[in-house]
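Single-letter residue listing:
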Amino acid sequence: MASAARGLGRGPRGLLPFCALLALLGPARGIHIKKAEAAEPGEALRYLHAAELGEALRELAASAPPGLARLFSIGESVEGRPLWVLRLTAGMEAPRAGEEPGGPPLPGRPQVKLVGNMHGDEPLARPLLLQLARELVRGWAGGDVRIGRLLNTTDLYLLPSLNPDGFEHAQEGDCGGGGASGRENSRGRDLNRSFPDQFEASEPDLGPVPEVRALIAWMRRNKFLLSGNLHGGSVVASYPYDDSPTHKPTGVYSKSADDEVFKYLAKAYASHHPIMRTGKPNCPGEEGETFPEGITNGAQWYDVE
């Protein structure tokens, strides 16, 4: 999985990764995303718990124009909470018996997925992806040209929370990233440290991480062209690879075959973010950390086995 973000045990370091789709919100509105949260006009501003998030996604899918949205679950968390995915693309047919829950891919449309809340105490992606979905549905219904072009050519999948159990256990203000903070799943496993390592022969034990098993199985059933993984923590667009053959803790630039493309995409996103583009997120405790142009190669920042 070409993850775009991680977090370290010494603190919730992660990122807001590249996704050009989010630029639809515009650089001016991007400043106020945190304030907007997931609220409808007139609705109280707050994070939504699992049941509320599921209901909001169901309502959005039901209210979308015919053939534009489909809501499905790729599996369940340890505590039985659905791992909801909202698919958005124009011209989908009605569900048929025996097909993939999300429906078959549409020929000629690249599949793109955005995954959030892999660490339960890094919840920004939950309202961000819900807000993005609402913007896209409203824009489509209102005849927005850019959104129409996007949803006529791209097969978009939004997974707002891979770790709903962790989110429910997390406590607001606890940024320690350990113990009962909600970072891990209900079995104390860090989902972002539970995927197979491309440079190691040994396989991780996936028994305690049904969330990771579900994501891997879903990825194997689809051919995602581009993915984004949204974390909380530092403000930077981090691109593959996140690890290297040496697994040196930091400082090794680990190129993927698509290095130039990933750098271009990361810069495209970072350049529209008012803080990220400065390369100086000025995060508490790490004020000296800088990222030229607001981007970094994952392994060069720090290696994740």
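Note that the coordinates shown come from a computational prediction; the quantities given were computed from them, not determined experimentally. (Residues numbered from 1 in each chain as written. Predicted model: local features only at pLDDT ≥ 70, side-chain atom pairs only at ≥ 80, totals over all residues. Heavy atoms only, no water.)

Colleague: Looking at this model, I keep getting lost on the packing of aromatic side chains. Mind explaining?
Modeller: Where two aromatic rings form a pair, the distance of their centres and the angle of their planes describe that pair. The tally for this structure, following the rule as stated, stands at eight aromatic pairs. Both rings, one in Y157 and one in F224, keep their centres 5.5 Å apart while their planes meet at 90°; by these two values the pair is edge-to-face. Here Y157, found in strand β4 (residues 155-159), pairs with F224, found in strand β5 (residues 224-230); they are 67 residues apart in sequence, far enough to count as distant. In this pair, the class of Y157 matches that of F224, namely buried. Consider the rings of F291 and W301, whose centres lie 5.3 Å apart with planes at 85°: the pair is edge-to-face. Linking F291 in the loop between α8 (259-270) and β7 (295-297) with W301 in helix α9 (residues 298-301), this pair joins segments that are ten residues apart in sequence. Judged by relative accessible area, which is 4%, F291 ranks as buried. An aromatic cluster of at least three residues, connected via ring pairs, comprises F72, Y157, W218 and F224. Directly above the aromatic system of F224 lies the positively charged group of K113, at a separation of 5.6 Å from the ring centroid. (Phe/Tyr/Trp six-rings, centres within 6.5 Å; stacked < 30°, edge-to-face > 60°. Helix = DSSP H or I, 4+ residues; strand = E, 2+ residues; numbered from the N terminus. Buried < 20%, exposed > 50% of the residue type's maximum accessible area, 1.4 Å probe, protein only. Lys NZ or Arg CZ within 6 Å of the ring centre and 35° of its normal.)

Colleague: Can you walk me through the environment of M118 in this structure?
Modeller: Turning to its location among the elements, M118 is positioned in the loop between β3 (111-116) and α4 (125-141). We classify M118 as buried; its relative accessible area is 0%. Separated by 113 residues in sequence, M118 and H231 place their C-alpha atoms 7.3 Å apart.

Colleague: Where do I start with the pairing of strand β1 (residues 69-76) in this structure?
Modeller: Every other side chain in a regular strand lies on the same face of the sheet, so the side chains alternate between the two faces. Taken together, the six bridges between β1 and strand β2 (residues 82-88) define a ladder with antiparallel strand orientation. By the bridge assignment for β2, S73 is matched with W84. Linkage of β1 to β2, two consecutive antiparallel strands, is achieved through a turn of five residues, within which G80 is found at a positive phi near 85°. (Pairing = 2+ DSSP bridges.)

Colleague: Just to check I follow, could you spell out the sheet that holds β4 for this structure?
Modeller: Sheets are built from strands paired through backbone hydrogen bonds, the pairs being either parallel or antiparallel. Taken in spatial order, the five strands line up as β1-β2-β4-β3-β5 in an open sheet, and their pairing is mixed. The open sheet has two free edges, formed respectively by β1 and β5, since each of these has just one partner strand. Each neighbouring strand pair of the sheet contributes to a mean axis angle of 20°, computed without reference to strand direction. Relative to β2, helix α3 (residues 50-63) is tilted by about 25°, and along the sheet it contacts β1 and β2. (Axes fitted to C-alpha atoms, helices over the stretch in contact; angles between N-to-C directions. Contact = heavy atoms within 4.5 Å.)

Colleague: Sorry, what's going on with the pattern of salt bridges here?
Modeller: Working definition: two side chains of opposite charge can pair if their charged atoms are close together. Inspection of every chain in the model, using the stated rule, returns twelve salt bridges. With a shortest N-O distance of 3.6 Å, R183 and E122 are connected by a salt bridge. One end of the pair, R183, is in the loop between α6 (164-169) and α7 (210-221); the other, E122, is in the loop between β3 and α4, with 61 residues separating them in the sequence. Since its relative accessible area comes to 2%, R183 is described here as buried. Among the residues examined, E122 registers a relative accessible area of 3% and is labelled buried. Via salt bridges that share partners, E79, R81 and D165 belong to a single interconnected network. (Salt bridge = Lys/Arg side-chain N within 4 Å of Asp/Glu carboxyl O.)

Spatial relationships are all this shows, so hold off on functional conclusions.
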